[in-house]
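A structural walkthrough
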Amino acid sequence: MCGIVGIVGKSNVNQSLYDALTVLQHRGQDAAGIVTCDRGRLHLRKDNGLVRDVFHQRHMQRLVGTMGIGHVRYPTAGSSSSAEAQPFYVNSPYGITLAHNGNLTNVEQLSREIYESDLRHVNTNSDSEVLLNVFAHELARGGKLQPGKEDIFNAVRAVHARCTGGYAAIAMVTGYGVVGFRDPHAIRPIVFGKRETENGTEYMIASESVSLDVLGFDLIRDLEPGEAVYITDKGELHTAQCAENPSYSPCIFEHVYLARPDSMIDNVLVYKARLRMGEKLAEKILREKPDHGIDVVIPIPDTSRTSAVELANHLGVKFREGFVKNRYIGRTFIMPGQAARKKSVRQKLNAIELEFRGKNVLLVDDSIVRGTTCKQIIQMAREAGAAKVYFCSAAPAVRFPNVYGIDMPSAHELIAHGRTTDEVAELIGADWLIYQDLPDLIDAVSEGNPKLTRFDCSVFDGDYVTGDVNEAYLGKIEQARNDAAMSTSEMGSAVIELHNN
Ligand SMILES: O=P(O)(O)OC[C@H]1O[C@H](OP(=O)(O)OP(=O)(O)O)[C@H](O)[C@@H]1O
Ligand SMILES: NC(=O)CC[C@H](N)C(=O)O
Ligand SMILES: [Mg+2]
């Protein structure tokens, strides 16, 4: 779940792209990049690090141009080397740059085709570079000196025909415009909006609506599954359905954890979905343990706060902030490597003893994935003197790997994989553990938009909506991307493409 953004403006877009990426930082902390287009010339800056560390004033000054795209990365394919920071660039045709959120599931086959039939070279292990080359090859097949909107849409149609997996992408065709497209299942989110300026209308395409809000753009809508939006450098906006059989099944984990609560995704306010998750979890607790004896409900900052507040309201129990979060430490789950994740939990959260001493506490998290957070938190609650430590998760047990752009490639790293709830409770040291039921999670989100009847819930139920994910595939990515394998896979950081500012 990287963050992507594209702007076609009426004056330099560098600052707006920077600001939008800052707002999307929660979607990727590993690398950041911006490319702008100024009268047919591209200017690129990308590197590992947070947005504020990658772009210094001297870089910003060189990023001139009235259209551009940007990316914040959380690696889910290849390595976390700076060579795989985005946007990626290909020279032919026209000079195309691309920023991608998601993961392709047929990248091996595509890489072969690109080399053997399309006669193209890909220089990294990133699936996003493959996606760019497929798009570029298909656009080249149009053979036009000046591509029009139909040429762009036809290239997206061909991308959908060749690529499988989850992808929301924004590509810039040098000198012509910016195109955003969403995979035929709409797994990853992408929205677009506009803002009026004295020089005319400006358009933005982005992963989450929050980046439109903060920059004064009005949300127009989400892209539909398989749909593309193309904004020309003159500021004309066109949309087209580019998939043969589109079917809405967005990733439900966006609502659980990935997205910011103030974002609207597929017409659902994430904040309200999380409130409903809390409400439904409270009902389950009251059903299963009517005389629960809970003295206080305590969230595990940050993401679980919203559901924890509503859970406490419905239980009729006090809500207290028992853990203080160090605001200078990022999200731990999206850090690469288990050692960094483990160390960060303790640096990030500290307990206020007063809220624990002698009490039966209910700790609330949005999800339990590897169990890194909850194990340490429960121990901290005990050290702070809690009498009983109950733990609940606003999402069901995560038992299956993710293959669509969340870095959970290895089933064996998931604490609930092959374990019952009681076994997980024992392992994390909780006196009682309660998970949300999947139908309740689905209701919590779809109550915001009844048109959403299907979601990608694969991490909870092992049902992969693209239909091409089997045991053999899962075995392969587990081998290639488990924590131990990743720690030895770093590659060099040579960037063989655009001059990096
Ligand atoms: O079981 P685990 O493998 O530990 O993963 C789950 C935890 O990771 C996330 O928190 P994170 O610190 O990434 O971000 P947050 O501040 O947004 O809650 C999530 O909110 C859970 O707390
Ligand atoms: N989290 C993502 O969306 C990652 C995009 C792409 N697969 C990469 O690894 O760079
Ligand atoms: Mg958390």
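Everything numeric here is computed off the predicted structure, so don't read it as measured data. Note that residues are indexed from 1 along each chain, following the sequence as it is written. For this description, chains carry letters from A and ligands carry numbers from 1, given in the order in which they are written. Where local features are concerned, this predicted model is filtered to residues with pLDDT of at least 70; where side-chain atom pairs are given and counted, the filter is 80 or more; whole-chain, interface and lining totals use all residues. Where side-chain values are given, they derive from all heavy atoms of the structure, hydrogens and water being excluded.

1. Quick look at the packing of helix H5 (residues 127-142) against helix H6 (residues 149-162)
Throughout, an axis means a line fitted to C-alpha atoms (over the contacting stretch in the case of helices), and angles, computed between N-to-C directions, take values from 0 to 180 degrees. Numbering of helices and strands runs from the N terminus, with a helix taken as a DSSP run of H or I at least four residues long and a strand as a DSSP run of E at least two residues long. Between H5 and H6, the shortest axis-to-axis distance is 8 Å and the interhelical angle comes to 130°. If you check the angle between H5 and H6, you find them oblique. Crossing hand, H5 versus H6: right-handed. Taken together, the residues of H6 that come into contact with H5 (itself represented by Leu 131, Val 134, Phe 135, His 137, Glu 138 and Leu 139) are Asp 151, Ile 152, Ala 155, Val 156, Ala 158, Val 159 and Arg 162. Orientation categories follow fixed angle ranges, with anything under 35 degrees roughly parallel, anything over 145 roughly antiparallel, 65 to 115 roughly perpendicular, and all other angles oblique. For a crossing to be left-handed, the near helix must be turned anticlockwise from the far one by less than a right angle; the clockwise case is right-handed. The contact criterion used is simple: two residues touch if any of their non-hydrogen atoms lie within 4.5 Å.

2. Re the side chain of His 26
Looking at the secondary structure, you find His 26 in the loop between helix H1 (14-23) and strand E2 (31-38). Counted as a polar contact is a pair of N or O atoms within 3.5 Å, where, for protein atoms, one must be capable of donating a hydrogen and the other of accepting one, and residues adjacent in sequence contribute only when both atoms are in side chains. Looking at His 26, its side chain comes within polar contact range of the side chain of Glu 208, at 2.9 Å. A polar contact is formed between the side chain of His 26 and the backbone nitrogen of Arg 260, at a distance of 3.5 Å. In this structure, His 26 is in contact with Met 1, Glu 208, Leu 258, Ala 259, Arg 260, Arg 331 and Ile 334, ignoring residues within four places of it in sequence.

3. Let's talk about the sheet that holds strand E4 (residues 67-73)
The strand order E3-E2-E4-E1-E10-E9-E11 describes an open sheet built from seven strands, whose pairing is antiparallel. Each of the sheet's edge strands pairs with one partner strand only, and the pair in question is strand E3 (41-48) and strand E11 (218-222). Going from strand to strand, the sheet's axes swing by 15° on average, the running direction of each strand aside. As defined by bridge partners, strand E1 (residues 3-8) adjoins strand E10 (residues 200-206) across four bridges and the pair is classed as antiparallel. Strands qualify as paired when DSSP identifies two bridges or more between them.

4. Focus on the site of ligand 1
Definition of nearness: a residue and a molecule or strand are near each other if at least one heavy atom of the residue lies within 4 Å of the molecule or strand. Taken together, the neighbourhood of ligand 1 is formed by 17 residues, with Thr 303, Lys 348, Asp 365, Asp 366 and Thr 373 sitting nearest. One of the backbone nitrogen or oxygen atoms of Arg 370 is found 2.8 Å away from an oxygen atom of ligand 1. A distance of 2.9 Å separates an oxygen atom of ligand 1 from a polar backbone atom of Gly 371. The protein chains shown are the only cover counted for residues, whose accessible areas, like all others here, come from Shrake-Rupley with a 1.4 Å probe. The protein chains hide 96% of the 500 Å² of surface that ligand 1 would expose on its own. Three categories are distinguished: nonpolar for Ala, Val, Leu, Ile, Met, Phe, Trp, Tyr, Cys and Pro, charged for Asp, Glu, Lys and Arg, and polar for the others, with Gly belonging to the last. For the shell around ligand 1, the class distribution of residues is five nonpolar, six polar and six charged.

5. Remarks on a nonpolar patch on the surface
Patch construction takes residues with relative accessible area above 30% that form no salt bridge. Like charges are linked within 9 Å, and nonpolar side chains (Val, Leu, Ile, Met, Phe, Trp, Tyr) are linked within 5 Å. Salt bridges are defined by distance alone: a side-chain nitrogen of Lys or Arg within 4 Å of a carboxyl oxygen of Asp or Glu. A contiguous nonpolar patch, built from Val 324, Ile 352 and Leu 354 and spanning about 280 Å² of accessible area, is present on the exposed surface. Within the fold, Val 324 resides in strand E18 (residues 323-325). Buried residues are those whose accessible area, probed at 1.4 Å on protein chains only, stays under 20% of the maximum for their type, while exposed residues exceed 50% and partly exposed ones sit between those limits. Taking relative accessible area as the criterion, Val 324 reaches 45% and is therefore assigned partly exposed.

6. Some points on the UniProt feature "active site" (unreviewed entry) in the chain
UniProt positions are given in the numbering used here, feature names are shortened, and annotations may be inferred rather than shown by experiment. As annotated by UniProt and renumbered to match this structure, "active site" (unreviewed entry) occupies Cys 2. Topologically, Cys 2 is positioned in the segment before E1. Residues in contact with Cys 2, not counting those within four places in the same chain, are Arg 27, His 71, Val 72, Arg 73, Tyr 74, His 100, Asn 101 and Ser 207.

7. A word on unusual backbone geometry
Residues Ser 92 and Pro 93 are joined by a peptide bond in cis, for which omega reads -5°. In this structure, Pro 93 sits in the loop between strand E5 (88-90) and strand E6 (96-104). Here the amide bond leading from Pro 301 into Asp 302 is cis, since omega sits at 5°, within 30 degrees of zero. Mapping Asp 302 onto the fold places it in the loop between strand E16 (296-299) and helix H10 (305-315). A positive phi angle is found at Leu 119, which is not glycine, with a value near 55°.

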